[in-house]
Amino acid sequence: MINRNQIHTTLYYGLLWLIAIIFFLPILWIVMAASKTNNDILSIPPKFVFTPTLENITRTIAEPNTLPYFGNSLLLSIGSVLLATVVSFLAAYAFSRYKFKATNFLMFLLLSTRMVPASAAVVPIFQMFNAFSLRNVFGVFMLYASFSIPFSIWILKGFIDGVSERYDETGLVNGASRMHVIFRVVLPQVMPGLIAAFIFNLIFVWNEFLFNFILGGPTTQMIPYTLAVGLVDAGGNVDWAFVASLSTLYLILPFALIFFFQKYLLVGMTFGTVRGEV
């Protein structure tokens, strides 16, 4: 006979699957719409059986701004988050190993910068960027890097705290330099945290719109900007085929990262307290 535990387990996982499917339905609709004609997209009732087409994808790729803005998205996202991850790792090591009195206050101060709504910060940042002529690739690059550092430090400090200081002491006693200890002893043990911090911040920068729209120019505008300005066609109608196909292309990178590194994301969400098999 099926015992009560098996019934509870079945119901539990069935509920999880139901919730996952509900959250996935909008993404499924976007991907399906990208392979439909305009008439199929707007048909009532919706068509779930249709002849797929790649016309929307090819038309979107052929648009003059699509590939340059994809390049901007890759450069600003991957480059700024890589820089932020390196800086955050070194800062997290310092916070973890050199426990000065203001550590907790500085950690809170760092994280509090992420609690400020973007709409409240965009005006002073816009004025600062205008004053220092930073409305260019370098300025937006450094802005995204600075946004990514606080959260990365919080994640990585939890990981480094979990690495015993005896590893550092053993390396130093045997003649290793501090940099050798940091990069050859501690770094390999917190690699899951680095990957988790990188992916979390990459997704944030990849999807960022407000600052890119306000501060950006032709050399810094990314795909979210393209989606906003290309939403309506010349006739004043919403170009759903363009929106769906560009959104589908834009989903590829975050989906691939989450699929291949999902076990690191679980560890990162718990700030290193649940390590699992990574």
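Residues numbered from 1 in each chain as written. Predicted model: local features only at pLDDT ≥ 70, side-chain atom pairs only at ≥ 80, totals over all residues. Heavy atoms only, no water.

1. Some details on the overall build of the chain
As a reminder of what qualifies: Every helix listed is a DSSP run of H or I at least four residues long, and every strand listed is a run of E at least two residues long, numbered separately from the N terminus. Contact definition: two residues touch when any of their heavy atoms are within 4.5 Å. A 1.4 Å probe and the Shrake-Rupley method give the accessible areas. Residues count as covered only by the protein chains that appear here. In this tally Asp and Glu are treated as negative and Lys and Arg as positive; neither His nor the chain ends contributes. Working definition for charges: the position is that of NZ of Lys, CZ of Arg, CG of Asp or CD of Glu.
If you tally the helices and strands in the chain, you get 14 helices and zero strands. The order of α-helices and β-strands along the chain, N terminus first, is α-α-α-α-α-α-α-α-α-α-α-α-α-α. With respect to the principal axes defined by its C-alpha atoms, the chain has extents near 75 × 70 × 30 Å. For the chain, restricting intrachain contacts to residue pairs at least 6 apart in sequence, the fraction spanning at least 24 positions comes to 74%. Working note: accessible area of the chain is about 16,400 Å², and carbon and sulfur atoms make up 71% of it. Of the side-chain charges in the chain, 15 are positive and 11 negative, and the distance between the mean point of each set is 12 Å.

2. Description of the layout of surface pockets
The criterion, for reference: Both cavities and pockets are sets of points on a 1 Å grid over the protein atoms alone; in a cavity a 1.4 Å probe fits but cannot get out, in a pocket the set is open with protein on both sides within 12 Å along at least five of seven lines, and lining residues sit with an atom within 4 Å of a point. Grid points are joined across faces, edges and corners, and a volume is the space filled by probe spheres set on the points. Here the nonpolar group is Ala, Val, Leu, Ile, Met, Phe, Trp, Tyr, Cys and Pro; Asp, Glu, Lys and Arg are the charged ones; every other residue, Gly included, is treated as polar.
As a volume, the largest pocket reaches approximately 240 Å³. Considering every element that reaches the lining of the largest pocket, the biggest residue donor is helix α7 (residues 137-161), with four residues. For the lining of the largest pocket, the per-class residue count stands at ten nonpolar, two polar and two charged.

3. A few points about the pattern of salt bridges
Opposite charge on two side chains permits pairing when their charged atoms draw close. Worth spelling out the cut-off: Salt bridges, as used here, are contacts in which a Lys or Arg side-chain nitrogen is within 4 Å of a carboxyl oxygen on Asp or Glu. Accessibility here uses a 1.4 Å probe with only protein chains present; expressed as a share of the type maximum, an area under 20% marks a residue as buried, one over 50% as exposed, and anything in between as partly exposed.
Scanning all chains against the criterion turns up four salt bridges. Put simply, K157 and D161 hold a salt bridge, and the shortest N to O gap is 2.9 Å. You can see K157 and its partner D161 sitting in helix α7, four residues apart, about one turn around the helix. Overall, D161 belongs to the partly exposed group, its relative accessible area being 40%. Salt bridges sharing partners connect three or more residues here, namely R97, D168 and R178.

4. Things to note about the packing of helix α10 (residues 191-207) against helix α13 (residues 240-260)
Filter applied, for reference: The axes are straight lines fitted to the C-alpha atoms, using for helices just the contacting stretch, and the angles between their N-to-C directions are given from 0 to 180°. Reported orientations rely on four angle classes, namely roughly parallel under 35 degrees, roughly antiparallel over 145, roughly perpendicular from 65 to 115, and oblique for the rest.
Look at α10 against α13: their axes get within 11 Å of each other, and the N-to-C directions meet at 170 degrees. In terms of axis orientation, α10 runs roughly antiparallel to α13. Of the residues in α13, those in contact with I199, L202, I203, W206 and N207 of α10 are Y250, L253, P254, L257 and I258. Looking at the contact of α10 with α13 residue by residue, the classes come out as nine nonpolar, one polar and no charged.

5. Brief notes about α7
Where we set the bar: A helix is expected to span 1.5 Å for every residue after the first. We define the bend at each residue as the angle formed by axes fitted to the 7 residues ending at it and the 7 residues starting at it. In the analysis that follows, any N or O atom pair within 3.5 Å is treated as a polar contact, provided that within protein one partner can donate a hydrogen and the other can accept it, and provided that, for residues neighboring in sequence, both atoms belong to side chains.
A rise of 1.5 Å per residue sets the reference length of α7, with its 25 residues, at 36 Å; its end C-alpha atoms lie 35 Å apart and thus fit the reference within 8%. The largest bend in α7 is about 30 degrees, located at I149, with the proline P150 one to four residues further on. Of the residues flanking the start of α7, the one acting as N-cap is N136, its side-chain oxygen 3.3 Å from the backbone nitrogen of F138.

6. Things to note about helix α3 (residues 55-62)
Definition in use: By construction, the arc corresponds to the directions joining the helix axis to the C-beta atoms.
When we look at burial in α3, the residues that qualify are N56, I57 and T60. The buried residues of α3 occupy an angular sector of 100 degrees when the element is viewed end-on, so they sit on one face. Away from its buried face, by an angle of more than 90 degrees, α3 presents the exposed residues E55 and A62. Looking at the buried positions of α3, the neighbouring elements they touch are α1 (4-34), α4 (66-97) and α13.

7. Quick word on the packing of α4 against α7
Stated formally: Each crossing gets its hand from how the near helix is turned against the far one by less than a right angle, where anticlockwise is left-handed and clockwise is right-handed.
The N-to-C vectors of α4 and α7 enclose an angle of 40 degrees; their axes lie 6 Å apart at closest approach. As the angle between them shows, α4 and α7 are arranged oblique. The crossing of α4 and α7 is right-handed. Here the residues of the contact of α4 with α7 sort into 21 nonpolar, seven polar and three charged.

8. Quick look at the side chain of S80
By secondary structure assignment, the location of S80 is in helix α4. Judged by its relative accessible area of 0%, S80 is buried. Among the polar contacts made by the side chain of S80, one reaches the main-chain carbonyl oxygen of S77 at a distance of 3.4 Å. Residues contacting S80, with those up to four places away along its chain left out, are L75, F141, Y144, A145 and V205.

9. Some points on the confidence of the model for the chain
Inclusion rule: Confidence per residue, as judged by the predictor, is encoded in pLDDT with a range of 0 to 100.
Summarising the model, the chain shows a mean pLDDT of 85, and 93% of its residues fall at 70 or more. The low-confidence segment residues 274-278, where pLDDT is below 50, has ten contacts with residues more than four positions distant or belonging to other chains.

10. Some words on unusual backbone geometry
Although it is not a glycine, S133 sits at a positive phi angle of roughly 55 degrees. Mapping S133 onto the fold places it in the loop between α6 (118-131) and α7.

11. Some details on the environment of L18
Secondary-structure assignment places L18 in helix α1. Sequence separation between L18 and I155 is 137 residues; the distance between their C-alpha atoms is 30 Å.

12. Some thoughts on the packing of aromatic side chains
Rules: Ring pairs are drawn from Phe, Tyr and Trp, using the six-membered ring of Trp, whenever the two centres fall within 6.5 Å, and their geometry is named by plane angle: stacked under 30 degrees, edge-to-face over 60, tilted for the rest.
Tallying each qualifying case throughout the model produces twelve aromatic pairs. Their ring planes at 75 degrees and their centres at 6.1 Å tell us that Y69 and Y225 sit as a pair that is edge-to-face. Residue Y69 is found in helix α4, and its partner Y225 is found in helix α12 (residues 223-229); the two are separated by 156 residues along the sequence. Given a relative accessible area of 17%, Y225 falls into the buried group. Aromatic pair W206 and Y250: ring centres 4.4 Å apart, planes at 10 degrees, arrangement stacked. Here Y250 lies in helix α13 and W206 lies in helix α10, a separation of 44 residues in the sequence. Its relative accessible area of 3% is what places W206 among the buried residues. An aromatic cluster of at least three residues, connected via ring pairs, comprises Y69, F209, F213 and Y225.

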